Structure formats: structure tokens, C-alpha cells
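# Close look at the chain arrangement
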2 protein chains.
Amino acid sequence: MYRNHTCGALRASNINTEVTLSGWVQKTRDKGFMIWVDLRDRYGITQLIFDADRTPKEVVEKAKTLGREFVIQIKGKVIERESKNGNIPTGDIEILVQELEILNAAKLPPFTIEDETDGGEDIRMKYRYLDIRRNPVKESLVFRSQVTMEVRNFLAQEGFIEVETPYLIKSTPEGARDFVVPSRMNEGQFYALPQSPQTFKQLLMVGGLDKYFQIVKCFRDEDLRADRQPEFTQIDCEMSFVEQEDILNVFEKLTKYLLKKLHNFEIENFPRITYDYAMKTYGNDKPDIRFGMEFGELNTVVKHKDFKVFNEAELVVGIAVPGGASYTRKEIDKLIDWVKRPQVGALGMVYVKCNEDGSFKSSVDKFYDQDDLAKWAEATGAKTGDLICVLSGPTNKVRAQLSALRMELAERLGLRKPKEFAPLWVIDFPLLELDEETGHYHAMHHPFTSPKPGQMELLDTEPGEVKANAYDLVLNGNEIGGGSIRIYDKETQSIMFKHLGFTKEEAEEQFGFLMDAFEYGAPPHGGLAFGLDRLVAILGGQETIRDFIAFPKNNSGRDVMIDAPAYLNENQLKELNIRLQLSDNK
Amino acid sequence: MYRNHTCGALRASNINTEVTLSGWVQKTRDKGFMIWVDLRDRYGITQLIFDADRTPKEVVEKAKTLGREFVIQIKGKVIERESKNGNIPTGDIEILVQELEILNAAKLPPFTIEDETDGGEDIRMKYRYLDIRRNPVKESLVFRSQVTMEVRNFLAQEGFIEVETPYLIKSTPEGARDFVVPSRMNEGQFYALPQSPQTFKQLLMVGGLDKYFQIVKCFRDEDLRADRQPEFTQIDCEMSFVEQEDILNVFEKLTKYLLKKLHNFEIENFPRITYDYAMKTYGNDKPDIRFGMEFGELNTVVKHKDFKVFNEAELVVGIAVPGGASYTRKEIDKLIDWVKRPQVGALGMVYVKCNEDGSFKSSVDKFYDQDDLAKWAEATGAKTGDLICVLSGPTNKVRAQLSALRMELAERLGLRKPKEFAPLWVIDFPLLELDEETGHYHAMHHPFTSPKPGQMELLDTEPGEVKANAYDLVLNGNEIGGGSIRIYDKETQSIMFKHLGFTKEEAEEQFGFLMDAFEYGAPPHGGLAFGLDRLVAILGGQETIRDFIAFPKNNSGRDVMIDAPAYLNENQLKELNIRLQLSDNK
């Protein structure tokens, strides 16, 4: 038996007990006649004392050889600590050691195993098993485990059953790229790894399972942006005989349940806003509503003067920055530089200071008088002491730019509080989205999303105007879940594929099984999927997902710890009936 | 709102309530003036009545158009049923329908949606979404979901945390074949899908997570035997600072918990037998101990006569078949034919009838007298009325043959009762196994399994004799779990790789990260993995796993429903920098 207590268990009530502990050496302090060792495991830290007067001599000698991260086992007696440590639960006691066994020595770790480590991202990823020993990473993984347990408990309670769908499925070349898997037994053919279990969960509904969920890995072979992973985890759900309202209610309840369980955070019903409203008010379909700074559109109050920039702009829109009137000229210039960065892309920024005396001072005083500016203040909700920032240009672009500015300023102003949670539903998404490059429309959500009743006819005339039974759950400026009511009849699904540019043959080849299924009594159904990695990160008060993934990949899709992907040997390729065809520059 | 009750909810207490139900038409009975419809959903069946006197005429007319598996919604009043049906929970009531909406029509399904269907395996797999509507399949999937919930609840209670390990990892060409995934971003390189998360869970132990579990898909590209799947699910567990005894205790407790929760089946401590004992007594390392028929070795009591077959055999061994003395000559001949089938491969079988009068009648009376045969009866535990079946030959072969016969006879005699559970531990497995074809030893469990203390030296001299800290959990003749205490120091691991035929470079390339990790303070650790598919099937009282998998693949690894795997288009291959190289006969 390696231990009878963990390193987080012992208290004053255990004094005088003989105990056996195992763990890692966090640090040692050698005062010559006394050696203290902090012994660490997943559960905490317990102080050991090797006392020349009370510990066998050879044990004291052995203790002097201990280095950081050695794995040891000790036996000893729990004694009261002279100088207590109120910061840790075991701080009232220490162990007077009688026996010491070194279970495994350790080389000096390449970075310190501390909450604030000296190791950079790259080295920590290479030695991820050491990084996981650090509290912030360990606690993130434990937290993730708690979140998934709570999700499962809630959904089971609501009558959902968890069903595993297959990982080796069929490639559908449209949409994002699939990862594929050559089949040795079916020569020349390939499986694909699922981008989501979408069609399978719909088939489970056709199969009558009524309420399905699964916490499941999904795969997308995309050029990785920061904080995206080629494999990611979804909480995937689907329900039969439901309308949008039913689904929103269930998953709003789940989200409330999680916030209550994990943070004792209670919240009223979630706001529901339309996609159009979100874009108009926040320039963004996943607004952070922990703070205000809502957009004020200014077209009607700026176009009557000689300011050409505004007169020619499709949209002129501003936000009021709380307390911003006190910014210096230099600070404002920096802000203007910030919006002009290529990542944001604005051509410039007009500003108005709302002075404490009720007057306005703007960068366009040449064109607009105090009455004009008062109207701007009204439209943006600016109060005395605020700064109004105004951007102009093509509607979509300027909204995105002002949204970026809004988020940046909120960040700087400390308005994005990690322990505050402001969920909302964004509903009535467009069914189709125009790909500006190709000029083609593609499905904004996916091809199985149903249009709003009575809007099918618009598909031919104004495809961009068709609204879908699609909804996103947004939390603190992040989309944490999204879903839709699905098409459940073959005819509508065929029309949809046609509008998405599938030939009849392509639709049949790729999704024939689903359209067949719709002919054998498919129920009305819909669902939602949460991105677990992000959900957990946000619930954990963070925005980067990497610490909530045990073994993440880097931005080239590599696992630098195990050094994957890697080359195969010739035999493996031959068995799979494939060979490499490297591009010319290799 | 599609429904306010499910089809399994309504009782006599609901009489006179107005209800809305949705579901599938299970069957209709049209008596002209009255039409009854059985409406089905996941939760049950409710009888609908369309009565010409009390239901609107157009609704009755519409009801006449309903076919099997139509999806409908009805509104009506709960009324008392005239002829009650005691077989279903809703049997006291029926719904007098006032409104009927056909939500989706259905083509006639290709097989009947009944517990006993007329559909063969192939057609049911092609239309798996219809097969899932059948109670036996639906209930198997619901049962699986229950089992996994219970497993998670138990392990969470015991302090395990669930950690997701990656699916895109590195190929290790030794052992079973990997499924591989070409990397587009890392030209010419491939990921592999995990055969198990073995090395990752060990790294989590090095990372200090202490108690890990995961319910996880694993992948093995093997030529499929019946009832094997290329993707399968494991309950994967690992613990730190444990000895074999600790692990056995935790997972024995889990198994007891499942048997109690799922079947209210209570059981004392599980028997523990060694691998050697299992082979000697049952000819098998996963014995079914719901019944006896233990092997009686007969070498010492058969070799003194002139029966050459026995005298030349390495092992002569028999079992006593309860009541088998009454078998006719014809029945016994059939049994002999059975053991001579190529799948079993015995050359013949000697038998002894233990007559009611205490005498013996054998097929080798020419060689052995009554005193001899009495000793056989003693060795095999045969009683009057039993039949002793004796096989002979090379030890390993004859044990396998007699084991097959023992299982077959137990099946025929009804001794393998599906609702009876007899778990046991088989321990002290050999570390290495001789591959008869190549003459090389390979790891019986896997290369990370530790040898029993003090047995490392035997590796050079008698590798086949080294015992491992490895154990299997066996239930009703199936291995449902297996694991080991792992090696946790670099030196031992290196020696092990050497003995398994790895060069130093190969070991470093494939498992360098693990051996590095062992140098930074690896704790003693060990674990176990359950095969979930089989565990669920056996707990469900069945032996075939297919009904417990929502979308299984066939014996060629194909999903016949979605028709995968499939050919990719040229562009996809090109992007992945591979091309097909089909074998000559294609």
C-alpha cells in the first residue's frame, strides 16, 4: 500500500496518527538539523519534517538527496505545526518522518511546477505531462470533468439518452474539409472522420429515440486559426416532436443549471434577440452584453452637412465610451491607429467628447454644430464625460469594425468580467449566406436547417432574405451553442440541396440515406450542439481553450509532445494501397 | 406544441383529460364505424379510437388513409377502454380522437417494426433507423446509455476524473494495424487513430491526475472476425500509487455496483484464479464458471495400458457431462463429429458412460477396466448418470478443444443462464507470448506491463515463464476487462522494448516521449480497460454486441446504411498529397 491518506487530507484532528503518504517533492528547505519537504499530489500539499533529533539518521541523510519532483513514499506521525500556514487546508500539521523511500528520482524539470511558471508555451506543450502538474492546468482539467458530469446528469434527468455515433463515416466534400482514413479492406476507398454527428443524430430521431445527446469528438481539417483545434468536442443534442421554443427552453434550463451548480450564479430568463437586431445593435451575431455601448446609427443625423465621408457612407454608426471624454489627444490618436490596423481595417474614426459642462468637442467641428452633436449623443446614449466614437463605410464592414472597437474598449475598461455571465439567444438567422468570392449562396448553419414557415418561396427571388429556424446560444461574447429545427421531408430537403448547388446525383450520392429515411416516417425534430471546449473555458472564466484540453495541438495541427503526425513506413502505405505524391516544392 | 404527453404516460387517472399526442402508427384496425390505431413512441403505445358517432367525419375519413409508420399528431379526450389490455401500462385507457394531423407519411417499411421482425440482418442494417424503432434494439441502446451513466456516477464518486485524450495521434507499426489519417498541413505525414489511450493515460499519471477514466472510442484495423468492430468503445481507467490489489478492489466494486443497480444482483467477493489454474481447469483464460464441468487431467491414470493414442499424448484430459450417460450412440457420434469439425480440430473423442448401477461403459473398454474408469470418474468428478468426454493431444491444443466442447455442452444443457452472473479475476498472466509463426515473443498484454517482482532475470533465460502484474476481469465466459500494473522507470521499459525486438532507435522514435516522461518523476501506476460493447451486451443478457451499437459496421468494415467507406474525388487526394496505388488484381 503506497498511502493511506492523500496529501490534501490531514488536519489537526489527525495529530498523533501514524500515516503513509506518497507524492512529489514540491520543494525542500534544508536547515542542517531540520529538513522540511512540501509533498504534493493532486489533492494538495502536506509538509514533511525530517528532524535530526527525532528522525533516524539514515532517513535524514536520504532526505538530503531529494530533488524537485522526486516521487517518494514516507511513513511518519502527524504532529502539530509550530508556525501554522493558514493558506492551505493542511497548514495546521506536519508529518514527522520515520521512513522514506524514493519511488522514482526526477531530472530537473525544464520549467518550474508552479502556478506562475517560467516555461514558455512551446516547452510546456512538449512536456505537457509536467505542465499538467501545475495547478492552473490540473484544475482546468478537473473543472472540465465536472462540467461534463453535470451536463450528463442534467440531460439524463431530462430523459435524454446518450448514443454513440460512428467515427468512421463517409466524406462529404462540400463545406469544411474532412479528415479521411484509407480503408485497407475496401481497396481505394476512404472513411471520413465526422465534422459532427449531424446526419446520424437525425437518423436517431427517425429511429424514434426522441431525445438524444452525446459528448463527442468532431474533426475539421481547416487551416487553424489561433485557438482552434483540428479535433474538438461537442455536446450534441437532438429532440423529436419539438418546435424552436421547446429546444430553447431545455437548453436555457441546462445553462442555468450549470451556472448555478458551478458558480452559484442565478439568472432570469435569457434575452432573445434576432440576428438582424444583433447585427444592428452590436455589429456582431454573438454580442457580449455584460456591458452596454450599444450601437447608435447616425445616418439620419449626419447626412445634411458637407462632410463628404459621412454623406457617401452606407452606414455611419457610433458608440459611447463611458468616461472617454477624459482621454488625451494622444490616447485618442492611439485609438484611431488601433481601428486603422489591418486586422480591423477602418479608414479613420470621428470622435466627440461629451464635456462635463454639457458642451461637445468633436474632430468634425468644422462640419457639425453643437445641436448636431447633441443628436449624436442622443442616438448613442452618450452621457457627459463619455467619448463618442464614430465609424463609417459599407454596412457589414463598418459594423464589424465598430464591434471590434467596442470589444477592445470594454476589455480595456474592465467591463468583460470573467465571473459575470450574460447569456442570450440570437434567433432568426438567415438561412443562406453569400460567399463574396464565388457569388454562391451556402447554408449559414448547415443544409438540414429548415426555413421559417412560408419563406420557401423567397429562395428563388431573394435567397439572402430567407430566415431560418436557427438559433445560437451566446455567452459573454462567444457562441457556445447553435442549432436549428431541421427539414424532415424529402421534398424540402431536395429543394434545399438544389439551391445549395448540389446536382440531384450529388445529393443522392452523399445524402441519399437521409432522404430515404425521411420517406419512412420522419418526425419533426431539431437540436443544438455546444462547443464543449469553449463552454468549459468560458465557464472557467477564461477565453483560451488550450488549458482545458489535456493534450492540445499547436497551430500547425501538431502534437509536439508525441511528435505527430509522422511519416509512415512503406509497408503501411502499401497495405493501404496509397502512395505519397508530394507537391513540387518538396 | 406537438404533444403534452408521451405515448407511454396516460393512465386511468387521466380519464376525461384533453390531450395532444404525437407518434408513429404501429397498426390500425378498421371496423368501418370504428377505427383503432396503436400510436407508438419511445415511451410506449397508446390506443386511439376514431368513432363515427363521436369523431368528426373528416377526421374519420383521414384516419382511413393512415398506413404503418405514418407520423401523426392527434388531439382528443382520454376515455376508459372497454376491453382493457393488461399487457401495457396504458391499457386501461384510449383516446377518443377529435383532431388528426398527418405530420409525415411513410412508405411501407421494408420489414415489420415488431419485436420479432421478418427482416434479415442485411436489410435491417441498411435501414438501421427503422431497426432502431424495434423494441429490442431501442431498449439495448437505452440500456447502454444507463450502463455508461452508472459507470460514470460510480467512478466520479470514487474520485476519478474523466479526461479526453486525443484521437489524432502517432502510428506505432508494431502490434495490431492502425487506422491512419493523412495530414494536409504536414505534407507526407499521417496521424493514427488510437488503438487505446494507453500511453496518454500513463502520461496523465505522470502528470499527477491520480485517478483517470474515459469512455472512449478505439480503433483497430484488423481482419474482422464475427462480432468484432473496427471501432469499439472502452471504459479506460488508470490510477497512481496503487498495487494490483487496489485496482482489483476498485473495479470489483464497480462491477458489483453495476450488477446491483442494473439487475439487483448481489454477489460475494469475486474468485481470483491464476492464468495457469484457469488454463489447467477450464482450458481457457476466460472461463465461464456459472457451471462446473471442470477439467480432470488423466495422464497419471491412463498411461499404464496399451492405448497408444493416450500413451503418446502430451495431455489426456476429460470433463463430466451431467446426465450424459443417457445419450444414445447416435447422439454421442454427433458429439464426436462436433469435436472433429475443423473449427475445433480434435482427432477423436473417448467417452465413458457412468451407468446408474455404478458400472462404466467406455469406448475404450478394450484397454481399460472398471477400476481404471473409476479413477477417471474420480479425476473428472463424474457421478452416476454422467458422461465423461476425454480428449488427448498436445497440451495447448487439447485444452482449447475441450474448452470448446465444455462451452458447447453447457450451452446445450442450458447452463449458460443469461440472467445469472459469475464474475472472476484471472491473475498472474504470462508477460510474453510466443508467436508460433515467427518464433518471436511479443507482449501478451502490451509493452508497458510490468513483470512480477524479481522475475526480470528470467527474461533472458526463460522468457515464456515470466509472469506479469496483469489481470483480466471475466464475466460469463467473456473477458470484459483487462489491465496491469505498468512499468514506470525508463530502464525497465528499455529492457522490455529490447526483449520485444525493438531497436534502441525504434523504441526512441515511437515511445521516446513516454521514456522521457519516466525520468521526470513518474509515480507507480496501473489500470484497467473494459470493453464497453461486450460489457453492455453481457449485462444485457446477450453475447452479440451488434444490437448494443447504434450504427455497427459489417464484417467487411462497411456501414451499409451510409455506404461507407467510399471513393474520394481527385481533388481531395491531391490536397492530401496522396494517390491510389491499387493492387495488381484491381
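Looking now at the overall build of chain A. In terms of helices and strands, chain A carries 17 helices and 23 strands. By principal-axis analysis of the C-alpha atoms, chain A measures approximately 90 × 75 × 55 Å. Per-residue burial for chain A yields a buried fraction of 58% across its 586 residues. A separation of at least 24 residues holds for 66% of the contacts in chain A among residues at least 6 apart in sequence. With the model as given, the accessible surface of chain A reaches about 24500 Å², and the carbon-plus-sulfur share is 47%. Across chain A, 75 positive and 93 negative side-chain charges occur, with their mean positions spaced 5 Å apart.

Accessible area lost on assembly of the parts is the figure often given for the size of an interface. Between chain B and chain A, the contact holds 125 residues from the first and 125 residues from the second. Both sides of the chain B and chain A interface together cover about 11500 Å² of buried area, and 58% of this is carbon and sulfur. In this structure, the connection of chain B to chain A is made through 14 salt bridges. We note a salt bridge from A:Lys107 to B:Glu519, for which the minimum N-O separation is 3.2 Å. Scanning the region where chain B abuts chain A turns up 65 residue pairs in polar contact (both at pLDDT 80 or more). Per-element tally for the side of chain B that touches chain A: the top contributor is helix H4 (residues 135–157) of chain B, with 9 residues. Taken together, the residues that form the side of chain B that touches chain A break down as 68 nonpolar, 25 polar and 32 charged.

A few words now on the packing of aromatic side chains. In this structure the tally under the stated criterion is 49 aromatic pairs over all chains. Here the aromatic rings of A:Phe307 and A:Phe310 are separated by 4.7 Å at their centres, their planes lie at 75°, and the arrangement is edge-to-face. For A:Phe307, a relative accessible area of 12% translates into the label buried. Note on B:Phe310 and B:Trp376: the rings are 5.9 Å apart at their centroids and 45° apart in plane angle, and the pair reads as tilted. In this pair, B:Phe310 is assigned in helix H9 (residues 308–312) and B:Trp376 in helix H11 (residues 370–380), connecting sequence segments 66 residues apart. By relative accessible area, B:Phe310 is classed as buried at 1%. A residue is classified by how much of its surface remains accessible, and B:Trp376, at 0% relative accessible area, is buried. Taking the ring centre of B:Tyr127 as reference, the NZ or CZ of B:Lys126 above it sits at 5.6 Å.

This paragraph deals with the pairing of strand S22 (residues 525–531) of chain B. Residues and elements named next belong to chain B. Within S22, 6 of the 7 residues are buried, which leaves it mostly tucked inside the rest of the structure. When strand S10 (residues 231–240) meets S22, the two strands line up antiparallel, connected through 7 bridges. If you follow Met 239 over to S22, its bridge partner there is Gly 526.

Bringing the domain arrangement of chain A into the picture now. Once the domains are mapped, chain A shows domain 1 (12–104), domain 2 (139–272 + 423–548) and domain 3 (291–412). Computed from C-alpha coordinates alone, the two centres of domain 1 of chain A and domain 2 of chain A are separated by 52 Å.

Residue and element names in this part refer to chain B. Of note, Gln 26 is situated in strand S1 (residues 18–30). With a relative accessible area of 11%, Gln 26 lands in the buried category. When sequence neighbours within four positions are dropped, the list of residues in contact with Gln 26 reads Asp 38, Arg 40, Ile 45, Arg 68, Glu 69, Ile 113 and Glu 114.

Of note, the amide linkage connecting A:Ala564 to A:Pro565 takes the cis form, showing an omega dihedral of 0°. Relative to the assigned elements, A:Pro565 resides in the loop between helix H16 (532–539) and helix H17 (570–575). If you check the backbone angles, B:Asp210 has positive phi at about 75° while not being a glycine. Looking at the element boundaries, B:Asp210 is found in the loop between helix H5 (198–206) and strand S9 (211–219). In this model, B:Asp563 sits at a positive phi of 60°, which is unusual for a non-glycine residue. Mapping B:Asp563 onto the fold places it in the loop between helix H16 (532–539) and helix H17 (570–575).

What follows concerns the sheet that holds strand S15 (residues 360–362) of chain A. Residue and element names in this part refer to chain A. Strand order in the open sheet formed by 5 strands is S12-S13-S16-S14-S15, and the pairing between neighbours is antiparallel. Whereas interior strands pair on both sides, the edge strands pair on one side only; in this sheet they are strand S12 (296–297) and S15. Alignment of strand S14 (residues 350–354) against S15, held across 3 bridges, turns out to be antiparallel. Its bridge partner lying in S15, Lys 353 is registered against Lys 361. Across the face of the sheet, helix H10 (residues 329–340) comes into contact with S14 and strand S16 (387–393) while running at roughly 145° to S14. Here helix H11 (residues 370–380) sits on the sheet in contact with S12, strand S13 (315–321), S14, S15 and S16, set at roughly 95° to S15.

This brings us to helix H4 (residues 135–157) of chain A. Here H4(A) contains 23 residues, and its C-alpha end-to-end distance of 32 Å stays within 8% of the 33 Å for a straight helix at 1.5 Å per residue. A:Gly159, located one to two residues past H4(A), shows a positive phi value of around 90°.

Pairing is mixed around the closed barrel formed by 5 strands, whose spatial order is S1-S2-S3-S5-S4 (chain B). Within the sheet, the average angular offset between the axes of one strand and its neighbour, ignoring direction, is 55°.

A few words on the relation of the copies chain B and chain A. Overlay of chain B on chain A (RMSD 0.1 Å): rotation 180°, translation along the axis 0.0 Å. When the rotation and shift are considered jointly, the pair of chain copies conforms to a two-fold rotation axis. Interface residue correspondence from chain B to chain A reaches 100%, placing this contact among same-surface, isologous pairings.

Now for the environment of A:Ser362. Residue and element names in this part refer to chain A. Along the chain, the position of Ser 362 falls in strand S15. Assessed through its relative accessible area of 4%, Ser 362 is described here as buried. In this structure, the C-alpha to C-alpha distance between Ser 362 and Asp 227, residues 135 residues apart in sequence, is 39 Å. With residues near it in sequence (within four places) discarded, Ser 362 still touches Tyr 351, Val 352 and Leu 373. In this structure the side chain of Ser 362 is engaged in a polar contact, spanning 2.9 Å, whose partner is the backbone nitrogen of Val 364.

So, about the pattern of salt bridges. Under the definition given, this model contains 90 salt bridges over all chains. Note that A:Lys280 is salt-bridged to A:Glu297, the shortest N-O span being 3.2 Å. Taken as a pair, A:Lys280 in helix H7 (residues 275–282) and A:Glu297 in strand S12 lie far apart in primary sequence, 17 residues in all. A salt bridge links B:Asp563 to B:Arg558; its shortest N-O distance comes to 3.0 Å. A relative accessible area of 42% places B:Asp563 in the partly exposed class. Since its relative accessible area comes to 16%, B:Arg558 is described here as buried. Salt bridges linked by common partners bring A:Glu121, A:Arg124, A:Arg128, A:Asp131, A:Arg134, A:Arg546 and A:Asp547 together as one network.

Residue and element names in this part refer to chain B. If you trace the backbone, Arg 124 turns up in helix H2 (residues 121–126). Looking at Arg 124, the relative accessible area reads 12%, which means it is buried. Along the backbone, Arg 124 and Leu 402 are 278 residues apart, and their C-alpha atoms lie at a distance of 36 Å. Here Arg 124 is in contact with Phe 111, Thr 117, Gly 119, Asp 131 and Arg 134, once residues within four sequence places are set aside.

Further remarks concern a negative patch on the surface. Residue and element names in this part refer to chain A. A contiguous patch of negative charge, built from Glu 114, Asp 115, Glu 116, Asp 118 and Glu 139, is present on the exposed surface. In this structure, Glu 116 sits in the loop between strand S5 (93–104) and helix H2 (121–126). Under the relative-accessibility criterion, Glu 116 is labelled exposed at 72%.

This brings us to the packing of H4(A) against H16(A). Residue and element names in this part refer to chain A. Interhelical geometry of H4 versus H16 gives an angle of 110° and a closest axis separation of 10 Å. Our classification of the angle between H4 and H16 gives roughly perpendicular. Crossing of H4 against H16: the hand is right-handed. Of the residues in H16, those in contact with Phe 143, Arg 144, Val 147 and Thr 148 of H4 are Leu 532, Asp 533, Val 536 and Leu 539. In terms of residue class, the contact of H4 with H16 is built from 5 nonpolar, 1 polar and 2 charged.

Analysis parameters
Residues numbered from 1 in each chain as written. Chains lettered and ligands numbered in written order. Predicted model: local features only at pLDDT ≥ 70, side-chain atom pairs only at ≥ 80, totals over all residues. Heavy atoms only, no water. Helix = DSSP H or I, 4+ residues; strand = E, 2+ residues; numbered from the N terminus. Buried < 20%, exposed > 50% of the residue type's maximum accessible area, 1.4 Å probe, protein only. Contact = heavy atoms within 4.5 Å. Areas by Shrake-Rupley, 256 points an atom, 1.4 Å probe, with all protein chains shown as cover. Lys, Arg positive; Asp, Glu negative; His and termini not counted. Charge placed at Lys NZ, Arg CZ, Asp CG, Glu CD. Buried area = accessible area lost by both parts, 1.4 Å probe. Salt bridge = Lys/Arg side-chain N within 4 Å of Asp/Glu carboxyl O. Polar contact = N/O pair within 3.5 Å; in protein donor to acceptor, adjacent residues only side chain to side chain. Nonpolar A, V, L, I, M, F, W, Y, C, P; charged D, E, K, R; others polar. Phe/Tyr/Trp six-rings, centres within 6.5 Å; stacked < 30°, edge-to-face > 60°. Lys NZ or Arg CZ within 6 Å of the ring centre and 35° of its normal. Pairing = 2+ DSSP bridges. Domains from an automatic or database assignment. Axes fitted to C-alpha atoms, helices over the stretch in contact; angles between N-to-C directions. Expected span 1.5 Å × (residues − 1). Least-squares fit on C-alpha atoms with pLDDT ≥ 70 in both. Patch = residues over 30% accessible without salt bridge, like charges linked within 9 Å, V, L, I, M, F, W, Y side chains within 5 Å. Parallel < 35°, antiparallel > 145°, perpendicular 65-115°, else oblique. Left-handed = near helix turned anticlockwise from the far one by under 90°.

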